[in-house]
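Spelled out, the chains give:
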Amino acid sequence: MLGTRTVRPPGPKGRWLVGNTLDYDRDRMAFLVRCRQEYGDVFSFDERTIVVLDPGLVHDLLTRTNDDFHSESVPLATRIDPERAAADAQAWMTARRKGWHGLNRAVAQAHAGRLRLLFEQTLAETRGETVDVLPVMERFAGLATADFCLGADADGMAEILTENVRAIEPLGGSSQLFPAWWPSRHIRRFLRAREGTLNAVTERIHRRRDKPPADHPQDLLDVLLAAGEPELTEQQVQLLLRGIMLAAFGVPATALTWLVWTLASRPDLHRRVAEEAAAWPGEEAPPLSALPQTEAVVKEVLRLWPPTWLIGRTARRGTTLGEWQLRPDDHVMFSPYLMHRDPRWWTDPDELTPDRWLDPARTPKRHTYIPFGAGPRVCVGTQLGMIQLCLAAHWLTRNHEIRPTTETCAPKFHDLLLPQGFRARFTPRTP
Ligand code: HEM
């Protein structure tokens, strides 16, 4: 067995003062691919950051999150107080478990029923005009997540979330972290938007508390307020709702846009999904078990274009990852995008081949498919996200025509893996 190495993994030396930041920002994916070719599956990005692309090591990193690593998503540099971070993570995990254990069929069904109306409303708002598809899908994801979390009290929340996400964008797209006191209008806007979302959530919690409790929970807020001993504090409910609503906005919207692009640019796959949709009797939302072809297309879209193409963790203490020694606050990054397209784990990795998900003999190698992450901080919306994507494809092909006005859709490796410049028209389908 190899011992623990104390030296840093190899990596590009970087330039004076700026290190690798400029080269990385010029073309992020090309930079990472070059480093992997030159240094292998583990390499140093800078003094404090290593990149890991080995599925076993990534799995180890993910399963040890909370214990040995922080999972952070703040776009501002914060001094990490280890005790505070551990307490925050514990409070989040308690709320997260309560929310998810309490979610039941009634909530899921109530939401799926309303989802169709929200989807149709979103497409109707485009009035058959040519539109940028990503903001349209963001609108749908915003309405969907506000509905899932707040049900009847969701009014106006999608707009507040949109502002919050827009305010994060300029900060999330930068590889630099700035402290919160940095005199920048972007940071002021972000702090204002973050506060605004929290206030809006708090107001809706108070509104709900003033009403008699529902017989059957209709949304996540009902579930959280009904949580048994120990009850969640108001702050836990606020933070969980805000965290979920933001997580369920840009990421699913990006995935949805890639899915619409796939349906618009691959008539063969459109036909498969449309035939499955037409075969479903009635207008009620079908269960995923009735949509195997659609689900296979969605899985393949998430393989080729995982919205969270780069994910990071920070070491909570001095620790090891495989044979590498990490110091407290060292960062570890990994890229689901690169892992999903690695020819060592996938046949024809760059081809969009849904059939690979329909043949049980072709199940992916362990830990190589992670569009929803893994371990204790795996996406809480895995099921819901799959349902939303599959149902959107179902309704889109059943009830609408998609007319793309762009021939290509280049990926942009921003904070998310963005489908650049995809424009299309959605018109109701005539039978
Ligand atoms: C296509 C849809 C989605 C994809 C691809 C996706 C992907 C991911 C990934 C990769 C992570 C883990 C990030 C990390 O390890 O740092 C994550 C976390 C998370 N997701 Fe999703 N997600 C989707 C939809 C949703 C939905 C619909 C919800 C809302 C219910 C949601 C809520 C969350 C939350 C709250 C977290 C943070 C979990 C934690 O840190 O404990 N996601 N998502």
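Computed from a predicted model, the values in this text were never measured in an experiment.

A.B. asks: Looking at this model, I keep getting lost on the sheet that holds strand β2 (residues 49–52). Mind explaining?
C.D. replies: Read across the sheet, five strands follow the order β1-β2-β10-β7-β3 without closing on themselves; strand pairing throughout is mixed. Two strands in the sheet have a free side with no partner beyond their single neighbour: β1 (42–46) and β3 (69–70). Docked against the sheet, helix α3 (residues 55–63) engages β1, β2, β3, β7 (311–315) and β10 (331–334), running at close to 125 degrees with respect to β10.

A.B. asks: Looking at this model, I keep getting lost on the site of the ligand. Mind explaining?
C.D. replies: By nearness alone, 20 residues border the ligand, and Trp-92, Arg-96, Arg-313, Arg-377 and Cys-379 come closest of all. Taking Arg-96, its side chain carries an N or O atom lying 2.6 Å from an oxygen atom of the ligand. Arg-313 is positioned with one of its side-chain polar atoms (N or O) 2.8 Å from an oxygen atom of the ligand. At the level of secondary structure, the elements contributing two or more residues to the shell around the ligand comprise α4 (82–102), α10 (234–247), α11 (250–265), β7 and α15 (382–399). A total of three residues in the shell around the ligand trace back to one element, the largest contributor, which is α11. Taken together, the residues of the shell around the ligand break down into 14 nonpolar, three polar and three charged.

A.B. asks: Whenever I open this one, the coordination of the iron atom of the ligand confuses me. Can you help?
C.D. replies: Under ideal tetrahedral coordination, the four donors around a metal are separated by 109.5 degrees; under ideal octahedral coordination, the six donors are separated by 90 or 180 degrees. The protein supplies the iron atom of the ligand with one donor atom, Cys-379 (SG), which lies at 2.3 Å. Within the secondary structure, Cys-379 sits in the loop between α14 (336–340) and α15.

A.B. asks: When you look at the packing of helix α12 (residues 267–279) against helix α13 (residues 292–304) in this model, what are you seeing that I'm missing?
C.D. replies: Put simply, α12 and α13 touch, their axes get as near as 8 Å, and they point 145 degrees apart. Viewed along their axes, α12 and α13 form a crossing whose handedness is left-handed. Contact residues: Arg-272, Val-273 and Glu-276 in α12; Pro-292, Gln-293, Thr-294 and Val-297 in α13. Of the residues contributing to the contact of α12 with α13, the split by class is three nonpolar, two polar and two charged.

A.B. asks: Hey, could you run me through the UniProt feature "binding site: heme" (unreviewed entry) in the chain in this one?
C.D. replies: According to UniProt, the "binding site: heme" (unreviewed entry) feature falls on Cys-379. According to the relative accessible area criterion, Cys-379 is partly exposed, its value standing at 32%.

A.B. asks: Before we go on, may I ask you to explain the nonpolar core in this structure?
C.D. replies: When a protein is soluble and globular, its nonpolar side chains tend to lie buried together. Met-137 and Phe-426 are the most contacted members of the largest nonpolar core, which totals 61 residues. When residues of this core are assigned to their parent elements, the largest contribution, nine residues, is made by α11. If near-sequence neighbours (up to four positions away) are discounted, Met-137 is found in contact with Leu-123, Ala-253, Leu-256, Thr-257, Val-260 and Phe-426. Ranked by size, the runner-up nonpolar core spans 26 residues in total, among them Ala-227, Val-237, Leu-241 and Ile-244.

A.B. asks: Where do I start with the pairing of strand β12 (residues 410–413) in this structure?
C.D. replies: The side chains of a regular strand alternate between both faces of the sheet. Sheet analysis places β12 next to strand β13 (residues 417–420), joined by four bridges and oriented antiparallel. Following the sheet pairing, Ala-410 is matched in β13 by Gln-420. Hairpin geometry of β12 and β13 is characterised by an intervening segment of three residues between the two adjacent antiparallel strands.

A.B. asks: Even after reading the chapter, I still don't get α12, so can you show me in this structure?
C.D. replies: Three- or four-residue spacings in an α-helix give side chains the same orientation, since the helix completes a turn every 3.6 residues. Relative to the 18 Å expected for 13 residues at 1.5 Å per residue, α12 spans 18 Å between its end C-alpha atoms, a close match to the ideal helical length. Buried residues of α12: Leu-269, Val-273, Ala-274, Glu-276 and Ala-277, and no others. When α12 is viewed along its axis, its buried side chains cluster within an angular range of 160 degrees and face the same direction. Facing away from the buried side of α12, by more than 90 degrees, are the exposed residues Pro-267, Glu-275, Ala-278 and Ala-279. The inward-facing, buried residues of α12 contact α11, α13 and α15.

A.B. asks: Explain the environment of Phe-119 to me, please; I cannot follow it from the model alone.
C.D. replies: Looking at where Phe-119 falls in the secondary structure, it is placed in helix α5 (residues 105–124). Residue Phe-119 is classed as buried on the basis of its relative accessible area of 1%. C-alpha separation for the pair Phe-119 and Trp-345, spaced 226 residues apart in sequence, amounts to 36 Å. Excluding residues within four positions of it along the chain, Phe-119 makes contact with Phe-140, Ala-392, Trp-395 and Leu-396.

Reading the values: rules and limits
Residues numbered from 1 in each chain as written. Predicted model: local features only at pLDDT ≥ 70, side-chain atom pairs only at ≥ 80, totals over all residues. Heavy atoms only, no water. Pairing = 2+ DSSP bridges. Helix = DSSP H or I, 4+ residues; strand = E, 2+ residues; numbered from the N terminus. Contact = heavy atoms within 4.5 Å. Axes fitted to C-alpha atoms, helices over the stretch in contact; angles between N-to-C directions. Near = heavy atom within 4 Å. Polar contact = N/O pair within 3.5 Å; in protein donor to acceptor, adjacent residues only side chain to side chain. Nonpolar A, V, L, I, M, F, W, Y, C, P; charged D, E, K, R; others polar. Donors = N, O, S within 2.8 Å, 3.2 Å for Na, K, Ca; no water. Left-handed = near helix turned anticlockwise from the far one by under 90°. UniProt positions renumbered as here; feature names shortened; annotations may be inferred. Buried < 20%, exposed > 50% of the residue type's maximum accessible area, 1.4 Å probe, protein only. Core = buried A, V, L, I, M, F, W, Y, C linked by side-chain atoms within 4.5 Å. Expected span 1.5 Å × (residues − 1). Arc of directions from axis to C-beta.

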